[in-house]
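# An overview of the molecular structure
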Amino acid sequence: MRFSLIDSVTELDPGLSITIVKNLTRSEEYLADHFPGFPVMPGVMMLETLVQTGAWLMRLDSDFAYSTILLDEAKALRFKSFVAPGDQLIVNVQKHKADNDTWTLKGQGKVRETEVVSARLVLKQFNLADRDKKFAENDRRLIEHMKITWSELERVSTYKYNT
C-alpha cells in the first residue's frame, strides 16, 4: 500500500531542513482499530511521518537521483503525547550529517506547541539497479512517480525557501 502522511510543506531550506503538515482526520483507516473509542495515530505512523519528511529532503537535495530511501535506524525515539482526529501534526526534520548515501536526521513532531514525537533517523538512499541491473526500469518508474508526487505536493503547499 502506498500512502502519504504529508498534506503540505510549510518550510523548505534545501539540503538542511523541511517542515510539513499532517492533518489527522477521522477518515484515516487505521483509526478504526487504534483504538476503538479512543482513536489516536499509532506511534509507528508518527515515525513514518518523520521518515517520509526526511526522505523528501533527501530527494530534493539529490534532484531525485535515487529510487529508494529506507529507514536504517531510529535512535532516541520518543513518543510524548497522542495525536487525535482534528489535530494538525507539524513535523520538522533537519539534516544532522550526510555521509555519501546515508543521512542522519533529527526530527520532531508537534501538535500546537506540544512535542508529541522526536527521533534521530538514519536514512539510506540507493537505486535498485546498483544491486541488480535488471531493476533499472523499476528505478526509472519509481523516480518518475516521486517527481509527480512532489509536483502534486508542491501545488498544495505554501512553503517558503530559506536561503
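It should be emphasised that the depicted structure is a prediction, and the values quoted were computed from it without experimental measurement.

Of all hydrophobic cores here, the largest spans 38 residues; its most connected members are I18, M41, W56 and V83. Among the elements of the structure, β1 (8-13), β2 (17-23), α1 (43-61), β4 (88-99), β5 (102-111), β6 (114-126) and α2 (136-156) are those that each provide at least two residues to this core. Ranked by residue count, the leading element in this core is α1, at nine residues. When residues no more than four places from it in sequence are discounted, the contact partners of M41 are L5, K22, L24, Y30, L31, H34, M46, T49, V83 and L89.

One open sheet holds the seven strands; their spatial order is β3-β6-β5-β4-β2-β1-β7, and the pairing between them is mixed. With partners counted over all chains shown, the strands left at the sheet margins are β3 (68-79) and β7 (160-161), one partner each. Where β4 lies against β5, 10 bridges are found, and the strand directions are antiparallel. Across the sheet, V93 pairs through a bridge with G107, a residue of β5. Sitting on the sheet, α1 touches β1, β2, β3, β4, β5 and β6, and the angle it makes with β6 is about 50°. Sheet strands in contact with α2 are β1, β3 and β7, and its direction is about 100° off that of β1.

The subject of this paragraph is the side chain of T68. By secondary structure assignment, the location of T68 is in strand β3. With relative accessibility at 11%, the residue T68 sits in the buried group. At 3.1 Å, the side chain of T68 and the side chain of S67 are in polar contact. In this structure, T68 is in contact with K124, Q125, F126, L128 and L142, ignoring residues within four places of it in sequence.

Attention now goes to the packing of aromatic side chains. One pass over the full model with this rule turns up four aromatic pairs. Measuring from centroid to centroid gives 5.1 Å for F38 and F82, while their planes differ by 90°, and the two rings are edge-to-face. Of the two residues, F38 sits in the loop between β2 and α1 while F82 sits in the loop between β3 and β4, which places them 44 residues apart along the sequence. On the basis of relative accessibility, which here comes to 43%, the residue F38 falls in the partly exposed class. Ring geometry for W150 and Y159: centres 6.1 Å apart, planes at 40°, overall tilted. The same class applies to W150 as to Y159, namely buried. An aromatic cluster of at least three residues, connected via ring pairs, comprises W56, F64, W150 and Y159. Sitting above the plane of the W103 ring, K95 keeps its charged end 4.9 Å from the centroid.

Thresholds applied
Residues numbered from 1 in each chain as written. Predicted model: local features only at pLDDT ≥ 70, side-chain atom pairs only at ≥ 80, totals over all residues. Heavy atoms only, no water. Core = buried A, V, L, I, M, F, W, Y, C linked by side-chain atoms within 4.5 Å. Buried < 20%, exposed > 50% of the residue type's maximum accessible area, 1.4 Å probe, protein only. Helix = DSSP H or I, 4+ residues; strand = E, 2+ residues; numbered from the N terminus. Contact = heavy atoms within 4.5 Å. Pairing = 2+ DSSP bridges. Axes fitted to C-alpha atoms, helices over the stretch in contact; angles between N-to-C directions. Polar contact = N/O pair within 3.5 Å; in protein donor to acceptor, adjacent residues only side chain to side chain. Phe/Tyr/Trp six-rings, centres within 6.5 Å; stacked < 30°, edge-to-face > 60°. Lys NZ or Arg CZ within 6 Å of the ring centre and 35° of its normal.

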